[in-house]
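Structural characterization, general
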Amino acid sequence: MAPEYAFDGKFSVKSDIFSMGVVILEIVSGKKNRGFNHPCYQNLLEQTWLLWKEGRELELIDPCYNSSYVEWQVKRCIQVGLLCVQNIADERPMMPSVVLMLSSEDTPLPEPKNPGFLLHSNSCRPSQIYASGNSVTMSEVEGR
């Protein structure tokens, strides 16, 4: 759901573009944006954005693709997906432009800006994820 619709109830063609971008990123990653669960990122858009900014966008690819993909095509899909989910609706491309960007390797792509629902900009590396030492405790209840 596009941010302008979620917050203000405003729906437009650009809201559909936002949804298209989410679908593109879900296809590449094999993850759903809704119900996303990761220790370092709040949602799929944030994970994609931060990995893309760090030049690590190929880490997003669903392992089921193995090595049966063309690297530049996947990177292009990720960048187009990010262009579609930009926070400001007027900055998102129109659908004919999306189709052109996805179907032509010669069409130059602009740099995407912050996606909608970017909650924080801190990322963590896999080495920063520590297992917690959670343990179960039992409390005894005593009356006064």
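In this report, the structure presented in the accompanying data block is examined. (Residues numbered from 1 in each chain as written. Predicted model: local features only at pLDDT ≥ 70, side-chain atom pairs only at ≥ 80, totals over all residues. Heavy atoms only, no water.)

1. A word on the environment of Phe117
Applied cut-off: The helix and strand labels rest on DSSP assignments: H or I over at least four residues marks a helix, E over at least two residues marks a strand, and numbering proceeds from the N terminus. Throughout this description, buried means an accessible area under 20% of the type-specific maximum (1.4 Å probe, protein chains only), exposed means over 50%, and partly exposed covers the range between. It only takes one pair of heavy atoms within 4.5 Å for two residues to be counted as in contact.
With respect to the helices, strands and loops of the structure, Phe117 is situated in the segment after α5 (95-103). Note on Phe117: relative accessible area 26%, which makes it partly exposed. Remark: the alpha-carbon pair of Phe117 and Ala2, spanning 115 residues in sequence, is separated by 8.9 Å. Beyond its immediate sequence surroundings of up to four residues, Phe117 is in contact with Met1, Ala2, Pro3, Ala6, Phe7, Phe18, Asn43 and Asn87.

2. Some points on the nonpolar core
To keep things clear, this is the line we draw: Side-chain atoms within 4.5 Å link the members of a nonpolar core, which is a set of buried Ala, Val, Leu, Ile, Met, Phe, Trp, Tyr and Cys residues.
Of all hydrophobic cores here, the largest spans 20 residues; its most connected members are Ile78 and Val85. Among the secondary structure elements, those contributing two or more residues to this core are α2 (13-29), α3 (44-53) and α4 (71-84). Counting residues in each nonpolar core, the second largest holds eight residues, with Val80, Leu83, Val98 and Leu109 among its members.

3. With respect to the pattern of salt bridges
The following threshold applies: Salt bridges are defined by distance alone: a side-chain nitrogen of Lys or Arg within 4 Å of a carboxyl oxygen of Asp or Glu.
One pass over the full model with this rule turns up four salt bridges. Residue Arg56 is joined to Glu59 by a salt bridge in which the shortest nitrogen-to-oxygen separation is 3.1 Å. Since its relative accessible area comes to 47%, Glu59 is described here as partly exposed. For Lys75, the salt bridge goes to Glu71, with nearest N and O atoms at 3.2 Å. A residue pair is termed a helical-turn pair when its members lie 3 or 4 positions apart in one helix, as Lys75 and Glu71 do in helix α4 at four residues. A residue is classified by how much of its surface remains accessible, and Lys75, at 31% relative accessible area, is partly exposed. One salt-bridge network, held together by shared partners, links Glu54, Arg56 and Glu59.

4. Topic: α2
Selection rule: The span expected for a helix works out to 1.5 Å for each residue beyond the first. Polar contact criterion, stated in full: a pair of N or O atoms within 3.5 Å, where within protein one must be able to donate a hydrogen and the other to accept it, and residues adjacent in sequence count only if both atoms are side-chain atoms.
For α2, spanning 17 residues, the distance from its first C-alpha to its last is 25 Å, which sits close to the expected 24 Å at 1.5 Å a residue. Lys14, Ser15, Ile17, Phe18, Gly21, Val22, Ile24, Leu25, Val28 and Ser29 are the residues of α2 that are buried. You can read the cap of α2 off the contacts: a side-chain oxygen lies 3.1 Å from the backbone nitrogen of Lys14, and it is on Ser12.

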